[in-house]
Amino acid sequence: MAPDHYFSENPGSDDKRQTIAVRLAGRDVELTTAAGTFSPQRLDPGTKVLLDAVPSPPPRGSLLDLGCGWGPIALSAALQSPELTVWAVDINSRSLDLTALNAKALNLTSINAVTADDVPEHLRFDMVWSNPPIRVGKAALHGLLETWLPRLADGGEAWLVVAKKLGADSLQKWLDEELPPDFITSRESNSKGYRVLKVKRG
């Protein structure tokens, strides 16, 4: 059987669920996670670094959580801005199920936990927050960013967290070189071995 990764479309591991306590958007909450998803035992340190660095989400409009896992980024955004439409995108069907389940548990009705194909083609995002799936490989990662970053609205911002040891600096260089000239990349934070990069569309 093929290895079971958090970026597998349909994880082969047992869907054994557990409850973990995390702090999101200043609130202590209990959420459901499971094997076969990203960081099921705890809030991933990189995700925490990202959530500590990002600005407040817009009160309305659309925000994309690219590679949502069991939902901490999407949930944090929705907790802060209940009228914001949040698109939580992942290839992993178990992750999407968990994100939807956790949104329901927190009475958050503005989160759409979907695959990429279910996002309307015309939609443009005011903000993207992502702990991108670095371990899919460089080519696949670059393809994801080339697909989604151009869907930022004018003036929109993407905030990405990447471990320094997993190529954060080379990714920033690639973004500088490969994105169109109206996209400006900057390093916004350097904490606990992680870089937080901002890509702003002018």
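Within an unreviewed UniProt entry, the label attached to the protein reads Methyltransferase, and the organism entered is Saxibacter everestensis.

This part is about the layout of surface pockets. Roughly 530 Å³ of volume is contained in the largest pocket. G67, V89, D90, I91 and P133 are, among the 30 residues lining the largest pocket, the residues nearest its centre. Elements that contribute at least two residues to the lining of the largest pocket include exactly β3 (62-66), α2 (72-80) and α4 (138-148). At three residues, the largest contribution of residues to the lining of the largest pocket is made by α4. Residues that form the lining of the largest pocket fall into these classes: 18 nonpolar, seven polar and five charged. Roughly 330 Å³ of internal volume is contained in the second largest pocket. What lines the second largest pocket is a set of 18 residues, and nearest its centre among them are F38, D44, R135, L166 and Y194. Per-element tally for the lining of the second largest pocket: the top contributor is strand β7 (residues 152-163), with three residues. Tallied by class, the residues present in the lining of the second largest pocket amount to 10 nonpolar, three polar and five charged.

The element β3 is extensively covered by neighbouring structure, given that five of its five residues are classed as buried. Here β3 shows two buried faces, one formed by S62, L64 and L66 and the other by L63 and D65. Where β3 lies against strand β4 (residues 85-89), five bridges are found, and the strand directions are parallel. Within β4, the position partnered with L66 by the bridge is V89. Each parallel crossover has a hand, and for β3 linked through α2 to β4 it is right-handed. Pairing of β3 with strand β6 (residues 125-130), which is carried by three bridges, proceeds in the parallel orientation. Counted as the bridge partner of D65 is W129 from β6.

Let us now look at the pattern of salt bridges. Tallied over the entire structure, the rule returns 11 salt bridges. In this structure, the salt-bridge partner of R17 is D15, at a minimum N-O distance of 3.0 Å. Residue R17 is classed as partly exposed on the basis of its relative accessible area of 38%. Residue classification places D15 among the partly exposed positions, given a relative accessible area of 38%. For the salt bridge of K200 with E157, the shortest nitrogen-to-oxygen distance reads 3.6 Å.

All right, on to the side chain of E157 then. Positionally, E157 belongs in strand β7. The exposure class of E157 is buried, given its relative accessible area of 14%. Excluding anything up to four places from it in sequence, E157 contacts P55, D126, M127, V128, L152, K198, V199 and K200.

About the thresholds
- Residues numbered from 1 in each chain as written.
- Predicted model: local features only at pLDDT ≥ 70, side-chain atom pairs only at ≥ 80, totals over all residues.
- Heavy atoms only, no water.
- 1 Å grid on protein atoms, 1.4 Å probe; cavity = no way out; pocket = protein on both sides within 12 Å on 5 of 7 lines; lining within 4 Å.
- Points joined across faces, edges and corners; volume = space filled by probe spheres on them.
- Helix = DSSP H or I, 4+ residues; strand = E, 2+ residues; numbered from the N terminus.
- Nonpolar A, V, L, I, M, F, W, Y, C, P; charged D, E, K, R; others polar.
- Buried < 20%, exposed > 50% of the residue type's maximum accessible area, 1.4 Å probe, protein only.
- Pairing = 2+ DSSP bridges.
- Right-handed = clockwise from strand over helix to strand, strands pointing away.
- Salt bridge = Lys/Arg side-chain N within 4 Å of Asp/Glu carboxyl O.
- Contact = heavy atoms within 4.5 Å.

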